[in-house]
Each structure stands twice: as structure tokens, then as C-alpha cells.
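Chains, contacts and geometry: an overview
The lines below spell out each chain.
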Amino acid sequence: MKNLVKNVTVIAVLVLFLVMTTTPSVAGVKFGVKGGITLADIKAVPDTFSGYKWENKTGLAGGISMELGLPKGFYLQPELLYVQKGAKISFSEEGVTGTIKTNINYIEIPLLFKYNLITGGPTVPSVYVGPFVGFNTKGEFVIKANGYEEREDIKDDLKSTEYGLVFGLGLTQNLGVLKLTLDARYDLGLSNIIKEVEGPESIKTRTWLFMVGLSF
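Along each chain, residues carry numbers from 1 onward, in the same order as the chain's sequence is written. Local features in this predicted model are restricted to residues whose pLDDT is 70 or higher, and side-chain atom pairs enter the listing and the counts only when it is 80 or higher, whereas totals over whole chains, interfaces and linings include all residues. As a rule here, side-chain values cover all heavy atoms of the structure and leave hydrogens and water aside.

Brief notes about the nonpolar core
- Residues Trp54, Ile193 and Ile203 are the most contacted members of the largest nonpolar core, which totals 16 residues.
- If you list the elements that add at least two residues to this core, you get strand 1 (29–45), strand 5 (74–93), strand 6 (96–116) and strand 7 (123–145).
- Here a residue-residue contact requires only that any non-hydrogen atoms of the pair lie within 4.5 Å. Not counting the four nearest positions on each side in its chain, tryptophan 54 is found in contact with Asp41, Ile42, Ala44, Asp47, Thr48, Phe49, Ala87, Lys88, Ile89 and Thr102.
- We define the nonpolar core as a collection of buried residues of types Ala, Val, Leu, Ile, Met, Phe, Trp, Tyr and Cys that are connected through side-chain atoms lying within 4.5 Å of one another. Only protein chains enter the accessibility calculation, which uses a 1.4 Å probe; a residue whose area is less than 20% of its type maximum is buried, one above 50% is exposed, and one in between is partly exposed. Listed in part, the 6 residues of the second largest apolar core include Val29, Met66, Leu68 and Leu111. The way it works is that DSSP assigns letters per residue, a run of H or I at least four long becomes a helix, a run of E at least two long becomes a strand, and they are numbered from the N terminus.

Below, the structure written as C-alpha cells:
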């Protein structure tokens, strides 16, 4: 499965490059911007860190998108996003209470295949699925405890890329020239993002994204 996603995402990057050279004059091409929040977690082996469970953390996401019309209500939607992923741990030891946040940020390129559930009308719901490739831009631990804060750079312990699949639901509201878009999606990381270091055997990202956008 991982090799398949790798191959598909390489193709996705090439398609995105070709699409970005397309001019807006081409029929059926729409452009958009979007932004919102993430609810991020990780799947680790083992599933604890020093006996503590990983928990969800919030972050930000945003970027640009492009939509190309295909036959029979289908669309190809490549995107270029900045996504904050990771997780956190809450701990309490000998009167010391705090959190350890793992911030792992990516420039992410999804290639989504979208289908509109209805055609016409001012409000159009849709579903989509597709692969993504992410390029790591940041990795750090942020430790906060009893008013104390420390940051530790862990980017060198992480692989430069990750691969995965996107599943989502969308809603488009026609505002005339502009269209308001809402989407909720799940990023399922399929690749181990850490190098061979002391600690977890494997870490894979699990991230919800909720975004609002405008397209034209």
C-alpha cells in the first residue's frame, strides 16, 4: 500500500505542476484559497511515551487549490497547503504538571478526486478522496510545566517526506462570481515519519482538517 501511495503521489506532484501552468482562460478551471484549523494526533508504536498516552492538539492549515472539471460530475482538485500536525502529552510527576507538544509541520500537496452529489442549485455537497505527499518544514517538542517553557528541535529525527490518503466532505455555496467552500477532511498518514532513533519504532500522522475558502 505504501509503495502504491508513493507512486501515486509522485504522479500527483507532476500533475499539480502541469495544472499550475494552466491559465484561468481554460474552461472548467477554478482557483481558490482556504484556511482553517487542524485537530492532530499520531499513531505510535508503542502507543505511549514514557507511559503517557498521546492526545489531540490543535493547529492551523491553509493554502491554495485548483479545480478542473471532468466528465459526469467529477473534478480533479490539486492543492498546495501548509498543515500543522503532531500531538501532545499531558503529564503529572511529583507535583509537576504540564504538557509536551509535538509540533510537526508540512507543506502538503493533495491530489483529490471530487464528486458532486447533486448538480445545479446554489448549494452543492460533494465527497472526495485522493493521495497526498507532505514535505516536512518543522519538528519540535514544546515542554510547558509550572510556568516553565522549553523548546527542543527534533526536525533532524524526522524524515523529509510523508505519504498518505485524504478522505473528505465538501459544501459549495454559490455567491455569484465567488463561491464559498466548506470542507472537513481526514489525513491518514501511511508512512513512518521518524528515522531510526531511540524512542518509538514508528509514528504516523492522523489529522482532521476543517477549512473555509473562496473560489472563483
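Considerations on the pairing of strand 7
- Strands pair, by our definition, only if DSSP identifies at least two bridges between them. Bridge count between strand 6 and strand 7: 17 bridges; the pairing is antiparallel. Counted as the bridge partner of asparagine 103 is glutamate 140 from strand 7.
- Hairpin connection from strand 6 to strand 7: 6 residues lie between these consecutive antiparallel strands, with glycine 120 at a positive phi of about 80 degrees.
- With 6 bridges joining them, strand 7 and strand 8 (residues 148–153) adopt antiparallel strand pairing. The residue of strand 8 that forms the bridge with isoleucine 143 is glutamate 150.

Points about the packing of aromatic side chains
- Centres within 6.5 Å make a pair out of two Phe, Tyr or Trp rings, where for Trp the six-membered ring is used; the pair is then stacked when the planes are under 30 degrees apart, edge-to-face when over 60, and tilted otherwise. Within this structure, the stated rule accounts for 4 aromatic pairs.
- Taking 4.9 Å as the distance between ring centres and 50 degrees as the angle between the ring planes, the aromatic pair formed by tyrosine 186 and tryptophan 208 counts as tilted. Separated by 22 residues along the polypeptide, tyrosine 186 in strand 10 (residues 179–189) and tryptophan 208 in strand 11 (residues 202–215) bring together distant segments of the chain.
- For tyrosine 186, a relative accessible area of 23% puts it in the partly exposed group.
- Residue classification places tryptophan 208 among the partly exposed residues on the basis of a relative accessible area of 40%.

Re the environment of phenylalanine 31
- Checked against the element boundaries, phenylalanine 31 lands in strand 1.
- Classification of phenylalanine 31 as buried rests on a relative accessible area of 18%.

A short note on the confidence of the model for the protein
- Put simply, the protein has an average pLDDT of 88, and 87% of its residues get 70 or more.
- A residue's pLDDT is simply how confident the predictor is in it, with values from 0 to 100. Ranking the elements of the protein by mean pLDDT puts helix 1 (residues 2–20) last with 53 and strand 10 first with 98.

Quick look at the pairing of strand 11
- Looking at chain direction, strand 1 and strand 11 are connected through 14 bridges and run antiparallel. Considered in strand 11, the bridge of glycine 36 is made with methionine 211.
- As paired strands, strand 10 and strand 11 are joined by 10 bridges and run antiparallel to one another. Following the sheet pairing, arginine 185 is matched in strand 11 by leucine 209.

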